[in-house]
Amino acid sequence: MASPAQQLPPGWAAEWDQNAQRYLFIETATGRTQWEPPFPDPEGLNRAPSASPPPAAAASAHHHTKRRQYAPGQTQAYYGGDTIAPPPGPAYGGVPAQPGQAPQLFTPGLAQDGQFAQQQIGAQPPPAPYYGGAQPEPEYINQPGFGQGPTYQPPGVAGLADQFSQMNMGQKGLRLFTTNLLAAPPEPLELHRPPPDIVLPPNSCLSNSPFANADASYQRCTLNAMPTSHSLLQKCKIPLGLVITPYRSVKEGDEPVPLVTDTVIARCRRCRTYINPYVQFIDGGNRWRCCMCSMSNEVPQLFDWDQVRNQPGDRWARPELNHGVVEFVAPTEYMVRPPQPAVYVFLIDVSHNAIQSGMVATATRTILESLDRIPNEDNRTKVAFIAFDTSLHFFSLPAGTTDSSMLVVSDVEDVFLPKPTDLLVNLTESRPAIEGLLGRLNDMFQDNHTIGSALGPALQAAFKLMAHIGGKIQVLSASLPSIGAGALKNREDPRVLGTSKESALLQPASPFYKTFAIECSRAQVSVDMFLFSSGYQDVATLACLPHYTAGQTYFYPAFNASRTEDAIKFAHEFGEVLAMPIMLEAVMRVRASKNLRMSAFHGNFFVRSTDLLAMPSVPQDLSYAIEIQIEDNITAPFVVLQTAVLHTTCYGERRIRVITTALPTTNNLSELFASADQVAIATLLANKAVERSLTHKLEDARDAVFNKMVDILSAYKGSMTAAGAGASAQLAISENLKMLPVLLLGLLKNVGIRQSAQIPPDLRAYAQCLLTTLPSQLLIPYIYPTFYSLHNMPPECGTVGEHGIIMPQPLPLTSERLERHGLFLIEDGQTMFLWVGRDAVPQLVMDVFNLPSYEVLRGGKTTLPVLDNPFSQRVNAVIQKTREMRRGPYYPHLYVVKEDGEPPLRLWALSCLIQDRADVLPSYQQFISQLRDKVNGSSY
């Protein structure tokens, strides 16, 4: 390869950096240095593995030949480098740096001391700790020899941009880079990269708009290039599927979904595809050719008319020709009946357990405080309240008064409504009576000693009340249903846990709930379950209702409102659910180009016909996964996938949301691998694993995930590497899939399908609900948690930057990164752990917890005080940002975990560090070795 010095523009010099094993480029005029070449990188000079060092450097680097070198930008992301370079100068209170001596690392329960661990320990340490900023602050270090190690300058933004540019796509298709999993540890930052680019052939799109393809947060495919045949797809072994979040919430800074209000909706006469940026106009613009079935259609007469200004409009400015995600106001022919009002029926458990735990008081206060947040712009929203223990308690709420009367129905075998009117009332008209009832509902049942739950009859009563309209039933239940229809028995059996019979506990115990759910779906009724039991509650059976009616399940084990944290979490999540703008009476269908078929559906809905998904209400940020089959060879240069959801807004307007994704086709296996989206693949496999655990066994689900990873690696090795079918010392995969093994390891270690005999069935069933409903943005941290070091984060972290609070750099999930004197945050989107090392200096404990020393600190659920010192405010800001930065109503609990504290809490926190060995589950290093052995074993 030519020396880069011969290819540089004038004024630049190249120097081989022995430590980094790559060229450093120097601008001779200013002395400025950079890693990335000052010109396009056609030869791949900037990638250390393929760059050739000068002869002298090559000789001195001879002892490195066994181990593949990686660019510092990549290793620093793993070994603790930060994208923001810390300011020069000593750390406060730090020991002067002495090169060559690494910091002592706290390593509880390290299983292996092989090459991978050596790599981690022998790596460059993180930058010396900073604290606070310009003023000298107390140093939170009392570890012997701390800071004795070489310091380095992490790459700037340009260095990261260079790494991104290595994924550069160009018009010729995607470039494939191979990486060796044995030598490339997981880099958490990789998961924040966008999926591989979609490189469409020239002139396939009508518009130059950057929004012509749907954003990945709405719809993403596991392959961003479509194989032209089923046999090619079989060769690469990557599952083909679509992950859809049709009602992704729009946060600050997000592009709003454009609305087409003129009710001119152009659709293909044959396949009913909606017009989109990938159709072709023919016949002088009077007709358009469908991009799915090639049918020629007439352009509607008013398509080029601006109805607002009442003058000819610009066709090319229409949102549906420029945006991949668009919403139409639907004309009357899209309505079976006039848009119905939003209806909320609250079923509140008032048995002894519910009252004692404080659930009823918290729930009624939350509803009272949320009355103004419930969608009710047109004053049509209706509400009803039914309390239940072993009887049903209806409340009559006449309009215009503050009085409400309670009507008790004790006959739960044959449920009837005690009164024809005033049970389901207009929220605005009966507001005084509703407020009065909510204010005293808890006191009415304060001395209720009834134990037992008639949940089934209460559901039947709610259904009778609202079946003619549809709407949402919000169930708040604190005990196992025990009376009337749908009564359940405690089937928790510790002897079954961890055996092949365990999956039976994850299946519904009674057919009542599925049958009732399908009835609800037909009547456009959706159910949300909020479950609070201190004992067994059979989440697996009760979650059937939300599953088939497009609702959601929320679980609060051992809820007790006297713990402020419990009350705040439930009140926040319940309030967010009530305030959420819901979509009612929805049906969803996914259409695709010729020879593609939707073959399997995962998520909360009921499949009404072969491909029509019925969803009585669609909450925001709920995800669905759909598997795609290639039925015959595809000859088109690109394919189109289009999701259409017809729904009524909670403000009484019928609308259609259309989400369009176009993908190029390819018959090239390397392009398929280069276009694979590891996040979408992990999301689809999580859905498939949960389904398999229910239809087969939990062990089958785990085996299927492991075998799928082996298949992908074997396919890559056999077709993309020189080893071919022979055994290989490496484990090769494409650069864009290198986080897939660790994501699947995280999935295998997730409570939903983990191998263990200690997981209660309720917790497992709830984890499975999350695995099948969370959008990718929430699912990925749920299976691959985020891990931050707080005690030595750079001074700008936790302060407000250009894009909000600046977060620390995430660390790899291994306990080798825990330090005895440190403060760490581990979070998975559902729970947060603040890990405090046993040698934490008193100053740190005082600044964060306002306590004199580590000894008096107590572990467990906590609310962190905001103290009058910069470090406390920065830690609180990081925790607050963590709670707010993702979509969805979830409000994670914060637990303080002491390094020598309660073993169950310690083990729970450490189980998030999925790259460590735990119980019978392998470490990442062991998992990779198992994969390599299997890949090589299957090659003979």
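On a predicted model such as this, the values are computed, not experimentally measured, just so you know.

Chemist: Looking at this model, I keep getting lost on the overall build of the protein chain. Mind explaining?
Modeler: Across its full length, the protein chain carries 23 helices and 37 strands. Out of the 940 residues belonging to the protein chain, those deemed buried represent 60%. Taking the intrachain contacts of the protein chain between residues at least 6 apart in sequence as the baseline, contacts between residues at least 24 apart amount to 76%. If you sum the accessible surface of the protein chain, you get close to 36800 Å²; carbon and sulfur atoms cover 51% of it.

Chemist: What am I meant to see in unusual backbone geometry here?
Modeler: Within the chain, asparagine 203 stands out as a residue other than glycine whose phi angle is a positive 65°. With respect to the helices and strands, the residue asparagine 203 is situated in the loop between strand E4 (178-180) and strand E5 (219-221). Owing to a relative accessible area of 77%, asparagine 203 belongs among the exposed residues under this scheme. The phi angle at serine 294 is positive, at roughly 65°, despite the residue not being glycine. Positionally, serine 294 belongs in the loop between strand E10 (287-289) and strand E11 (296-298). Under the relative-accessibility criterion, serine 294 is labelled partly exposed at 48%.

Chemist: How should I be thinking about the nonpolar core in this particular structure?
Modeler: Core analysis: the largest hydrophobic core is formed by 191 residues, its most contacted members being Leu347 and Phe385. The leading source of residues in this core is helix H16 (residues 698-720), at 10 residues. Leaving out residues up to four positions away in the same chain, phenylalanine 385 has contacts with Phe346, Ile348, Ile367, His393, Phe394, Phe395, Leu397, Ile434, Leu437 and Leu438. Ranked by size, the runner-up nonpolar core spans 25 residues in total, among them Leu825, Val848, Leu864 and Phe871.

Chemist: Looking at this structure, how should I read the pattern of salt bridges?
Modeler: Where side chains of opposite charge bring their charged atoms close, a pairing between them can arise. Taken as a whole and assessed by the stated rule, the structure comprises 35 salt bridges. In this structure, the salt-bridge partner of lysine 738 is glutamate 187, at a minimum N-O distance of 3.5 Å. Here glutamate 187 lies in the loop between E4 and E5 and lysine 738 lies in the loop between strand E30 (732-734) and helix H17 (740-748), a separation of 551 residues in the sequence. With respect to burial, lysine 738 and glutamate 187 carry one shared label: buried.

Chemist: Would you mind going over the pairing of strand E31 (residues 786-789) with me for this structure?
Modeler: Side-chain direction in a regular strand flips from residue to residue, so the side chains alternate between the two faces of the sheet. Alternating residues of E31 divide into Thr786 and Tyr788 and Phe787 and Ser789, and every residue in both groups is buried. As paired elements, E31 and strand E34 (residues 823-827) share four bridges and run antiparallel to each other. If you follow phenylalanine 787 over to E34, its bridge partner there is isoleucine 826.

Chemist: So what exactly am I meant to see when it comes to a nonpolar patch on the surface here?
Modeler: Taken together, the side chains of Met406, Val408 and Met444 present a nonpolar region at the surface, about 240 Å² in accessible area. By relative accessible area, which is 35% here, methionine 444 ends up partly exposed.

Chemist: Sorry if this is basic, but what is going on with the confidence of the model for the protein chain here?
Modeler: The predicted coordinates ought not to be read in detail in places where the model reports low pLDDT. Across the protein chain, pLDDT averages 81, with 84% of residues at or above 70. Long-range and interchain partners of residues 40-139, a stretch whose pLDDT sits below 50, account for 223 contacts in this model, where long-range means more than four residues apart.

Rules behind the numbers
Residues numbered from 1 in each chain as written. Predicted model: local features only at pLDDT ≥ 70, side-chain atom pairs only at ≥ 80, totals over all residues. Heavy atoms only, no water. Helix = DSSP H or I, 4+ residues; strand = E, 2+ residues; numbered from the N terminus. Buried < 20%, exposed > 50% of the residue type's maximum accessible area, 1.4 Å probe, protein only. Contact = heavy atoms within 4.5 Å. Areas by Shrake-Rupley, 256 points an atom, 1.4 Å probe, with all protein chains shown as cover. Core = buried A, V, L, I, M, F, W, Y, C linked by side-chain atoms within 4.5 Å. Salt bridge = Lys/Arg side-chain N within 4 Å of Asp/Glu carboxyl O. Pairing = 2+ DSSP bridges. Patch = residues over 30% accessible without salt bridge, like charges linked within 9 Å, V, L, I, M, F, W, Y side chains within 5 Å. pLDDT = per-residue confidence, 0-100.

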